[in-house]
Amino acid sequence: MQHLISLEGMARERLHALLDRAQHFAGLDPRAAPPTSLAGVHVVNLFFEPSTRTRLSFEIAAHRLGAQVVNFDAERSSTLKGETLADTFRTVEAMGAQLFVVRHSESGACEMLSELAGDGTHIVNAGEGRAAHPTQGLLDMLTIRQFAKRPFEDLSIAIVGDIRHSRVARSDLHALRALGCGDIRVCAPAALLPDADELQGCRVVDAADEAVSGCDVLMTLRLQRERMEDGLVDSLDGYYRDYGIDQRRLSLARADAFVMHPGPMNRGVEIESAVADGPRSAILRQVANGVAVRMAVMEALAG
Ligand code: ASP
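Bear in mind that the values here come from a model prediction, so they are computed numbers and not experimental data.

### Overview of the layout of surface pockets
Here is step 1 of the chain: Roughly 700 Å³ of internal volume is contained in the largest pocket.
Here is step 2 of the chain: Arg53, Gln136, Pro262, Gly263 and Pro264 are, among the 41 residues lining the largest pocket, the residues nearest its centre.
Here is step 3 of the chain: For the lining of the largest pocket, the elements supplying multiple residues, two or more each, are helix H2 (53-64), helix H5 (134-147), helix H6 (167-178) and helix H11 (283-302).
Here is step 4 of the chain: Of all the elements, H11 adds the most residues to the lining of the largest pocket, at eight residues.
Here is step 5 of the chain: For the lining of the largest pocket, a count of residues per class yields 16 nonpolar, 14 polar and 11 charged.
Here is step 6 of the chain: As a volume, the second largest pocket reaches approximately 200 Å³.
Here is step 7 of the chain: Looking at the second largest pocket, the residues that line it are Phe47, Phe48, Glu49, Pro50, Ser51, Arg55, Asn71, Phe72, Asp73, Ala74 and Glu75.
Here is step 8 of the chain: Here the residues of the lining of the second largest pocket sort into five nonpolar, two polar and four charged.

So this is what it looks like as structure tokens:
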């Protein structure tokens, strides 16, 4: 594996192998002597969109593998003078950086860079457009593997929220299908559902109460307003009433069900604080797993 651009088409065995390695990293004491699999490697965080969790966890993960990390600040870079993404990439690659962690608003940006990259250069997609966020997909699968009481084949997973604009949902769906998840329910206002061909293997459920009923895993998503045309959601209060995850709605899920959210959360829009901070929230475990998964991915690419 030279690059990680998408989870689409990734085989189940490869997914489990990455998750096994991430589970190993998750079990290490962060203060213990670090592994050195990325010693001598320069990792460049090339982020053209805002990020908190993804950028910082890639940075921590790279440090924990012994890499040198450089953070690119798009707001203070020659991007503002009109330099293209491709030219920026070639410039930093010429400085000797080997691993590029890329976030961009354009779907296809990472694929384009992977075609420009030299043999010893690696691209990791850290979220592009609405297309893909593969490391988020992996950390979500690791979290499900840790929390769920049953194998993927036997799980009912409900994805509720703005699926249309969510790269997280797309990567999760690729992974869930590959892992053989038996029952994937998707629920959103009609304007926030993707085209039908992206929902193969999923059951569209109109009412959130029905989607959540009896599920094992409840994933909720932010309204991706930065990628949304105006007017797709009439009122936030109405959205919260119909699709928000509050304690009443969560009580319809299985007693051992847990709640996931990729962050950043908009409390009171898609999730109630009592759920986000409650005993059935896996949200901070997702964050912690982000470091372990990104260690596994960077090691697999450049270790
Ligand atoms: N942090 C995730 C992403 O970058 C989810 C979100 O922004 O809502 O796609």
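### So, the pairing of strand E1 (residues 42-47)
Here is step 1 of the chain: Of all six residues in E1, five are buried, a share of seventy percent or more.
Here is step 2 of the chain: Judged from the six bridges that link them, E1 and strand E2 (residues 68-73) form a sheet pairing that is parallel. Bridging across to E2, Val44 finds its partner in Val70.
Here is step 3 of the chain: A crossover connection joins E1 to the parallel E2 through H2; in handedness this β-α-β unit is right-handed.

### Some remarks on the site of the ligand
Here is step 1 of the chain: Inspection of the region around the ligand gives Arg103, His133, Arg167, Val168, Arg222, Gln224, Gly263 and Pro264 as its neighbouring residues.
Here is step 2 of the chain: Within the side chain of Arg103, an N or O atom sits 3.2 Å from an oxygen atom of the ligand.
Here is step 3 of the chain: A distance of 2.7 Å is found between an oxygen atom of the ligand and a side-chain nitrogen or oxygen belonging to Gln224.
Here is step 4 of the chain: Here the ligand, which alone exposes 260 Å², has 94% of that area covered by the protein.
Here is step 5 of the chain: Grouping the constituent residues of the shell around the ligand by class yields two nonpolar, three polar and three charged.

Analysis parameters
- Residues numbered from 1 in each chain as written.
- Predicted model: local features only at pLDDT ≥ 70, side-chain atom pairs only at ≥ 80, totals over all residues.
- Heavy atoms only, no water.
- 1 Å grid on protein atoms, 1.4 Å probe; cavity = no way out; pocket = protein on both sides within 12 Å on 5 of 7 lines; lining within 4 Å.
- Points joined across faces, edges and corners; volume = space filled by probe spheres on them.
- Helix = DSSP H or I, 4+ residues; strand = E, 2+ residues; numbered from the N terminus.
- Nonpolar A, V, L, I, M, F, W, Y, C, P; charged D, E, K, R; others polar.
- Buried < 20%, exposed > 50% of the residue type's maximum accessible area, 1.4 Å probe, protein only.
- Pairing = 2+ DSSP bridges.
- Right-handed = clockwise from strand over helix to strand, strands pointing away.
- Near = heavy atom within 4 Å.
- Polar contact = N/O pair within 3.5 Å; in protein donor to acceptor, adjacent residues only side chain to side chain.
- Areas by Shrake-Rupley, 256 points an atom, 1.4 Å probe, with all protein chains shown as cover.

Keep in mind that these numbers describe shape and distance, not what the molecule does.
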